[in-house]
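Commentary on secondary and tertiary structure
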Amino acid sequence: MALKPGALTSFVGTKADQLQVNVLDVTIRPGDRFLLCSDGLSGYFEDNPEDLGKLLAISDEQVATREMIRAANEAGG
């Protein structure tokens, strides 16, 4: 499941006195990964989120990270 860009702002809020908490329940299974990033990365995968999923499936986290950065840079980042 991919969250839309800006979702973190939606979840966290931009001002402490206006904090609105949204809760999302997900089933976590062994091997699942969570990617916390800015739209500076995820924005380059909006048209093809499957590409990001393929990169997240790379077993070596360091290699996966480098490949995500490379792909975003190639897309204009």
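Look above for the structure.
First things first, this report covers the structure right here in the doc. (Residues numbered from 1 in each chain as written. Predicted model: local features only at pLDDT ≥ 70, side-chain atom pairs only at ≥ 80, totals over all residues. Heavy atoms only, no water.)

1. A look at the overall build of the protein
The helix and strand tally for the protein stands at four helices and zero strands. Secondary structure elements in the protein, listed N-terminal to C-terminal, are α-α-α-α. The buried share among the 77 residues of the protein stands at 13%. Taking the intrachain contacts of the protein between residues at least 6 apart in sequence as the baseline, contacts between residues at least 24 apart amount to 41%. Carbon and sulfur atoms provide 52% of the accessible area of the protein, an area that totals close to 6300 Å². (Helix = DSSP H or I, 4+ residues; strand = E, 2+ residues; numbered from the N terminus. Buried < 20%, exposed > 50% of the residue type's maximum accessible area, 1.4 Å probe, protein only. Contact = heavy atoms within 4.5 Å. Areas by Shrake-Rupley, 256 points an atom, 1.4 Å probe, with all protein chains shown as cover.)

2. What to know about helix α4 (residues 61–74)
Here α4 contains 14 residues, and its C-alpha end-to-end distance of 20 Å stays within 8% of the 20 Å for a straight helix at 1.5 Å per residue. When α4 is considered as a whole, its buried residues turn out to be A64, M68, A71 and A72. Down the axis, α4 shows its buried residues gathered within 95 degrees of arc, on one side only. Exposed residues lying more than 90 degrees from the buried face of α4 are Q62, R66 and E74. Structurally, α4 contributes buried residues whose contacts are with α2 (39–42) and α3 (49–56). One or two steps after α4, the chain reaches G76, where phi turns positive at roughly 115 degrees. (Expected span 1.5 Å × (residues − 1). Arc of directions from axis to C-beta.)

3. Some words on the nonpolar core
Counting residues in each nonpolar core, the largest one holds eight residues, listed as L41, F45, L52, L55, A64, M68, A71 and A72. Setting aside its immediate chain neighbours within four residues, L52 contacts L35, F45 and M68. (Core = buried A, V, L, I, M, F, W, Y, C linked by side-chain atoms within 4.5 Å.)

4. Observations concerning the pattern of salt bridges
Summed over the entire model, instances satisfying the criterion amount to three salt bridges. Across the pair E67 and R70 runs a salt bridge whose closest N-O atoms are separated by 2.8 Å. On the criterion of helical spacing, the pair formed by E67 and R70 is a turn pair, its members being three residues apart in helix α4. Residue classification places E67 among the partly exposed positions, given a relative accessible area of 25%. Residue classification places R70 among the partly exposed positions, given a relative accessible area of 34%. For the salt bridge of E74 with R70, the shortest nitrogen-to-oxygen distance reads 3.0 Å. (Salt bridge = Lys/Arg side-chain N within 4 Å of Asp/Glu carboxyl O.)

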